Amino acid sequence: MASVFYQLCHRYLFIRTCGFLITFHKTRVYQRTTQVAQLSIPSSGRSNANFWLVARSWRLPARRYTSSGDKVQPADEENAPKHLLPFEKQFQQIAQLSLQDCELPAKHPLENITEDEAVQINAEPPLPACSNTLKHYVEQSETLRQLVLLGVDLSKLEQRPNVGNMLIRLDFEKDIKEKLLFLKEVGVLENQLGPFLTKNPFILTENLEDLQIRVSYLKSKKFTNTAIARIISKAPYLLNFNVERIDNRLGFYQKELGLSKQKTMNLVTRLPRLLTGSLEPVKENLKVYEIEFGFHKNEIQHIISMVPKVLTANKKKITGIFDYVHNTMGVPHHMICRFPQVLNCKLLRIKERHLFLKYLERAQYDPSLPNYVSLDRLATLTDEVFCREIALATVKDFEIFQKTL
Amino acid sequence: MRRAYRELQGLFAVYKPPGVHWKRVRDTIETRLIQDLRSLDRPPQPEQVRFLLGSGEGQDPSELTLTATNVPVLAEHPLVKGPPFPHLKVGVGAHLDLPSSGVLILGVGSGNQLLQRLKSQHLSKEYIVQGVFGKATDDFSDTGRLVEKTTFDHVTLCSLEKIIAMIDGTHRKALLTYAGIDLHSQEAYEQAVAGLLRPSHKTTPLITGIRCVHFDPPHFTLEVQSLNETQQYLRKVVHEIGLELRSSAVCGQVRRTRDGPFTQHDALLHSHWDLDKVRAAVAEAGPRVWAALRCARDVQPGERRESVRATNTESAEHT
């Protein structure tokens, strides 16, 4: 995807042409200039040109009508009512001010106006009152525009219930900026902020103090800074959990797996989504390993420390793989424990390769006998390397064999 | 990207592995194709011209100027609009059930209409069915619940071929009935010789050809050419062969080697399910599919595929 260059970032003010007269004393000079490219939207991780955007927002001063023709003054936004969207606040202010200070009668729509007044008219179509996509609001909303430039996938977020409404009502300067700076401080990379918010937009509604308390809790548990950065990047929902909940989950893993504190921390750093995912499948998987497969406690600990993903794997899948490897291929428990990657592999792959080796009479998984084939090489090598080194045949032969299965 | 999408439209065949549901095959192919299409070059983002009001550089701040700027339309950005190709129409021809494997025809985009037309041509399919004497199970396959065990020493190749010939004969008679023409006419004879004798509508499963290719008791292999069949029907046929031979048989493997104009040779293995290979397969299969749709002639039992291909191209040249 080619990166897009923004030439300018402007804030538009909508000036309603209902009922107030605008006069200017200076003459206008019309220029046609094209601005230099200053910004780029970070692409979805493929290109290397990801850099911070610099938004140059030019504020148009709101025109307040006065009969003496004084110099215009910028409007103040602090007294705007809070329930309005940020860019609608300006609308209301102008309307209120103009109605209060209007002394001359309103202008007729068909009356002639000067060039300067015509230039001031900005007749954009009105925003739809309700919409099921954010693309109608993204041109006018500063918040949404900044989020897109960060790399947040609005098309995914608008499908989630209530997230679209929440994002529109946020103010970039007040709410979002401080959270982003906090995340940067914690160690989340700049090009990861967009994907982070795409996965967890609700972090923008959390209190900054709460987030800081949770990070300091992790630090108190002796996680290193790099570990914390990795955990937060890989498990975006973790900072939405309160301290008690994070503590409970860490305690659960330490108790269930029976590992030491350091090993549990290493495990959680390697696979942070263990902390944010559901615990029921993990409990079930542990029971399956112990009762159905018949692994010992120390074997389960070894498997998990080598391949943590088996804790969250699909029960049917690992049962199918174990059944085939242990019963059909005849591999004993201690060999599976030595090569737990095989439990993470695709069953179809293992089946095809085993049947091919069986056809070639090379299916030998006992290390004490000659021509031994290790399980991890069987499961993880690519087709070319497998055919060349283990099966000692060509890829073409393997394909012909696959079509006879 | 648009060119790649255009070249994808059509029919191609994949080799469905055993133990994988046909729907999962279809979904995997759809996901892979969408992924590969999205990774290709995209057209540039549309831009719009906006006239912006503000103070120009080097000018008096209270003076307003209009500047025309080319600004990309943010609503058309992929992060706002969504990525291209949210879905792809991939249709499946004749289904294959979970334990079977073999040629499965898929259609992409406008190729799905060709699927329907191909179906109405009632072209036959070829299967390799492996059976084992000595067991009978509840679902006629070797993984089912065992119902009975029998001896099979008395089964010989001769007796097996007799039974097979009997089955062949009954089904041929049924085919003649479904063809809907008078059996005693010259026209019927000529059509039967030319291989144009096919049912014009959906019928019960019909076996147009069956022969034993391998006999090694208790294992045996049959090559079956049929119309409107299901794989479970073929397993039932194996079971019935066992019963006729006063023994019992279960079906081991059911593998489709040909589906209409698509053979095993053209089918793509699961390691080749990507955009380039599918495009090539669609382009290669195109002429054959059109020839099959135009030509009313089906493959006769025992006839090799290459000769039919030759006659199809000849008839295509004549028309």
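One structure accompanies this document, and this report is about it. (Residues numbered from 1 in each chain as written. Chains lettered and ligands numbered in written order. Predicted model: local features only at pLDDT ≥ 70, side-chain atom pairs only at ≥ 80, totals over all residues. Heavy atoms only, no water.)

## A word on the overall build of chain B
A count of helices and strands for chain B gives 9 helices and 12 strands. Buried positions account for 50% of the 319 residues belonging to chain B. Intrachain contacts of chain B at a sequence separation of at least 6 include 71% that bridge at least 24 residues. Element-wise, carbon and sulfur atoms account for 54% of the exposed surface of chain B, whose accessible area totals about 15600 Å². (Helix = DSSP H or I, 4+ residues; strand = E, 2+ residues; numbered from the N terminus. Buried < 20%, exposed > 50% of the residue type's maximum accessible area, 1.4 Å probe, protein only. Contact = heavy atoms within 4.5 Å. Areas by Shrake-Rupley, 256 points an atom, 1.4 Å probe, with all protein chains shown as cover.)

## Describing the overall build of chain A
In terms of regular secondary structure, chain A is built from 20 helices and 2 strands. For chain A, the accessible surface area stands at approximately 22400 Å², while carbon and sulfur atoms represent 53% of it.

## Details of unusual backbone geometry
Put simply, Pro217(B) and Pro218(B) share a cis peptide bond, and its omega is 5°. Topologically, Pro218(B) is positioned in the loop between β9 (206-216) and β10 (219-227).

## A few points about the packing of aromatic side chains
Residues and elements named next belong to chain A. Counted under the stated rule, the structure contains 12 aromatic pairs over all chains. Taking the centre distance of 4.9 Å and the plane angle of 45° together, the rings of phenylalanine 356 and phenylalanine 398 count as tilted. Of this pair, phenylalanine 356 sits in helix α17 (residues 347-359) while phenylalanine 398 sits in helix α20 (residues 395-402), and the two are 42 residues apart along the sequence. We note that phenylalanine 356, like phenylalanine 398, is buried. (Phe/Tyr/Trp six-rings, centres within 6.5 Å; stacked < 30°, edge-to-face > 60°.)

## A closer look at the nonpolar core
A general trend in soluble globular proteins is that nonpolar side chains are found buried together. By size, the foremost hydrophobic cluster in this structure holds 103 residues, and its most contacted members are Leu167(A) and Phe386(A). Counting residues per element, this core draws most heavily on helix α6 (residues 172-186) of chain A, which supplies 6 residues. Beyond its immediate sequence surroundings of up to four residues, Leu167(A) is in contact with Leu134(A), Thr143(A), Leu144(A), Leu147(A), Leu154(A), Leu157(A) and Leu204(A). Membership of the second largest hydrophobic core comes to 49 residues, among which are Ile29(B), Leu33(B), Leu104(B) and Cys251(B). (Core = buried A, V, L, I, M, F, W, Y, C linked by side-chain atoms within 4.5 Å.)

## Brief notes about a positive patch on the surface
On the surface, a cluster of positive charge is made up of Arg273(A), Lys309(A), Lys317(A), Lys346(A) and Arg24(B). Position of Lys317(A) among the secondary structure elements: in helix α15 (residues 315-328). Taking relative accessible area as the criterion, Lys317(A) reaches 35% and is therefore assigned partly exposed. (Patch = residues over 30% accessible without salt bridge, like charges linked within 9 Å, V, L, I, M, F, W, Y side chains within 5 Å. Salt bridge = Lys/Arg side-chain N within 4 Å of Asp/Glu carboxyl O. Lys, Arg positive; Asp, Glu negative; His and termini not counted. Charge placed at Lys NZ, Arg CZ, Asp CG, Glu CD.)

## Quick notes on the pattern of salt bridges
It is possible for side chains bearing opposite charge to pair when their charged atoms get close. Residues and elements named next belong to chain B. Under the defined criterion, the tally for this structure stands at 27 salt bridges over all chains. Among the salt bridges present, the one from aspartate 27 reaches arginine 26, with a minimum N-O distance of 2.8 Å. Residue class for arginine 26 comes out buried when judged on its relative accessible area of 16%. Beyond isolated ion pairs, a larger network of salt bridges with shared partners links Lys23, Arg26, Asp27 and Glu30.

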